[in-house]
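# Coordinates in review
Given next are the chains, with one letter for each unit.
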2 protein chains.
Amino acid sequence: MPASRRDQILSTAAVLFAERGFHGTSVADLGAACGMSGPALYKHFPSKDALLAAMLVSISEELLAVGTERAEAADDPAAALDALVDWHITFALANKSLIVVQDRDWAALPVEAREKVRTLQRKYVALWAAQLRSLSPELDDTEAHVRAHAAFGLLNSTPHSAFLPEDAMRAVLHDMATRALGLREESA
Amino acid sequence: MPASRRDQILSTAAVLFAERGFHGTSVADLGAACGMSGPALYKHFPSKDALLAAMLVSISEELLAVGTERAEAADDPAAALDALVDWHITFALANKSLIVVQDRDWAALPVEAREKVRTLQRKYVALWAAQLRSLSPELDDTEAHVRAHAAFGLLNSTPHSAFLPEDAMRAVLHDMATRALGLREESA
DNA sequence: CACGGATGTTAGCGATCGCTAACCGAAGCC
DNA sequence: GGCTTCGGTTAGCGATCGCTAACATCCGTG
């Protein structure tokens, strides 16, 4: 079943929320963009908030789950970080709008979903930080978290600047991220 | 005159807009946070939109103006980029909320201000891109822009992760950004 | 001292918002 | 062939929004 009505709404909403923000998008706008109008959305989601929650919880889960998997499959910390960078790039390129919405509108989530998302995100950062610390054991834990966040910022710039073909974007982002994290010391 | 009423409103608004978004902050909220209530704001700004515009136009101007100045004062492209990184870090650390608002809520600007901000931002990116290309003349122009955006993403992560004392944050961000941009090839 | 501008107040208007109610046609099932 | 379910419609409610109007207070100045 490729793309249920529900999925179509979620992806349309991601685009609109990314462009205008959650509070800047009315349910009428969203309905219209889905080819229906306004209140029809309530046949698929109990509320506008719940729609946002479904969107953000599922992406946080996927980022963490696949990230964990990729890191565990790697042979050493450097390979794990390389795999994490690769996975994050893949995800960000395939879900530009979601990436934008996630760090823009998480504050609009109802409390319960907000805490769930924050927990998942914290685990995801911790996953990166742990790999950074086993690569460089002298690294302070807080600094490792800061470095992970900085790497996310770099990689998450892609929704605002995907000017190149996908392969080229991948290459540039991979190069910059691995350099920033100290994974390589030589030029191309 | 350090901090007129107008400035106090602007900086309070920056904090609230960064937390809840432009559309998520009512003029009553903003007024209350400034120690007055609601409509009093209209004695200082003609509209809520105009307030946002004043905020974003002025920061875009400052980023570009000082950036240009710093780049011109440098002896070579590498020094210019180093100075740009340094300036951007200084600005981002001193204006965390504004950095957030700028890339979150620029779409809420009235057309005229939006175009002005976009023009200024484009010039700022072009300033970085030009330095990157004179450092590495073989670099494609589009890729240079992408690399500049990625560097901004990295540096702009600081509002979400300023867990370290300011000096340490500066050092970490400077290290990562210069590595990402290929300004150094050796470890610390 | 009168007065005018600057800066605040409260009341309230019109528009828009999220959401519910009531209704309807098509599809599937016994 | 009737009944239910599913997914859609329009009408409209109550709340909130940005903003204006009308009025109060203070303060510098001729």
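For the structure itself, look to the data block above.
Our subject in this report is the structure included herewith. (Residues numbered from 1 in each chain as written. Chains lettered and ligands numbered in written order. Predicted model: local features only at pLDDT ≥ 70, side-chain atom pairs only at ≥ 80, totals over all residues. Heavy atoms only, no water.)

A word on the protein's contact with DNA strand C. DNA strand C sits among 14 residues. The nearest are Y42 and K48 of chain A together with R5, K43 and H44 of chain B. Counting only atoms of DNA strand C within 4 Å of the protein, the sugar-phosphate share comes to 55%. A distance of 3.3 Å separates a phosphate oxygen of DNA strand C from a polar backbone atom of T25 of chain A. At a separation of 2.6 Å, a phosphate oxygen of DNA strand C approaches a polar side-chain atom of H44 of chain B. Here the surface near DNA strand C is built from residues that sort into 6 nonpolar, 5 polar and 3 charged. (Near = heavy atom within 4 Å. Polar contact = N/O pair within 3.5 Å; in protein donor to acceptor, adjacent residues only side chain to side chain. Nonpolar A, V, L, I, M, F, W, Y, C, P; charged D, E, K, R; others polar.)

Glancing now at the environment of L127 of chain A. Residues and elements named next belong to chain A. Relative to the elements of secondary structure, L127 occurs in helix α6 (residues 111-135). With 21 residues separating them in the primary sequence, L127 and A148 have C-alpha atoms 9.2 Å apart. The contacts of L127, once residues within four sequence positions are left out, are G67, T68, A71 and L84. (Helix = DSSP H or I, 4+ residues; strand = E, 2+ residues; numbered from the N terminus. Contact = heavy atoms within 4.5 Å.)

This brings us to the nonpolar core. Residues W128 and L154 of chain A together with W128 and L154 of chain B are the most contacted members of the largest nonpolar core, which totals 130 residues. Apart from the residues within four sequence positions on either side, W128 of chain B is in contact with L81, L84, V85, H88, A148, A151, F152, L155 and L181 of chain B. (Core = buried A, V, L, I, M, F, W, Y, C linked by side-chain atoms within 4.5 Å. Buried < 20%, exposed > 50% of the residue type's maximum accessible area, 1.4 Å probe, protein only.)

Let us look at the protein's contact with DNA strand D. The immediate surroundings of DNA strand D are formed by 14 residues, with R5, K43 and H44 of chain A together with Y42 and K48 of chain B found nearest. Take the atoms of DNA strand D that sit within 4 Å of the protein: sugar and phosphate atoms are 55% of them. V27 of chain B has a polar backbone atom sitting 3.0 Å from a phosphate oxygen of DNA strand D. Here Y42 of chain B contributes a side-chain N or O atom positioned 2.5 Å from a phosphate oxygen of DNA strand D. Taken together, the residues of the surface near DNA strand D sort by class into 6 nonpolar, 5 polar and 3 charged.

All right, on to the packing of helix α6 (residues 111-135) of chain B against helix α7 (residues 141-155) of chain B then. Residues and elements named next belong to chain B. Following both chains from N to C, one finds α6 and α7 inclined at 115°, their axes separated by 8 Å at the closest point. Between α6 and α7 lies a crossing of right-handed hand. Residue-level inspection shows Y124, V125, A126, W128, A129, L132 and R133 of α6 in contact with α7, the latter providing D141, A144, H145, R147, A148, H149, A151, F152 and L155. (Axes fitted to C-alpha atoms, helices over the stretch in contact; angles between N-to-C directions. Left-handed = near helix turned anticlockwise from the far one by under 90°.)

Mapping chain A onto chain B leaves a residual RMSD of 0.0 Å; the transformation is a rotation of 180° accompanied by 0.0 Å of translation along its axis. What the rotation and shift describe, once combined, is the action of a two-fold rotation axis. Mapped onto chain B, 100% of the interface residues of chain A are again interface residues, and the two copies thus contact each other with one and the same surface. (Least-squares fit on C-alpha atoms with pLDDT ≥ 70 in both.)

It is worth spelling out helix α1 (residues 5-20) of chain A at this point. Residues and elements named next belong to chain A. Helix length check: α1 (16 residues) gives 22 Å between terminal C-alpha atoms against 22 Å at 1.5 Å per residue, within 8%. Looking only at α1, the buried set comprises I9, L10, T12, A13, A14, L16, F17 and A18. Of the surrounding elements, those touching the buried residues of α1 are α2 (27-33), α3 (48-73) and α5 (96-105). (Expected span 1.5 Å × (residues − 1).)

Take the pattern of salt bridges next. Under the defined criterion, the tally for this structure stands at 17 salt bridges over all chains. The salt bridge partner of D86 of chain A is R170 of chain A, with a shortest N-O separation of 3.2 Å. One end of the pair, D86 of chain A, is in helix α4 (residues 77-94); the other, R170 of chain A, is in helix α8 (residues 166-180), with 84 residues separating them in the sequence. A salt bridge links K116 of chain B to E61 of chain B; the shortest N-O distance between them is 3.8 Å. Of the two residues, K116 of chain B is situated in helix α6 and E61 of chain B in helix α3 (residues 48-73); the sequence distance between them amounts to 55 residues. Given the relative accessible area of 44%, K116 of chain B is considered partly exposed. The class for E61 of chain B is partly exposed, based on a relative accessible area of 35%. Through salt bridges with shared partners, one network takes in E143 and R147 of chain A together with D175, R179 and R184 of chain B. (Salt bridge = Lys/Arg side-chain N within 4 Å of Asp/Glu carboxyl O.)

On to the interface of chain A and chain B, then. Counting residues at the interface gives 35 residues for chain A and 35 residues for chain B. Taking both partners together, chain A and chain B bury about 2,700 Å²; carbon and sulfur atoms supply 67% of that area. Counting the contacts that link chain A with chain B gives 4 salt bridges. Its salt-bridge partner being D105 of chain A, residue R104 of chain B comes within 3.9 Å of it at the nearest N-O pair. (Buried area = accessible area lost by both parts, 1.4 Å probe.)

Spatial relationships are all this shows, so hold off on functional conclusions.
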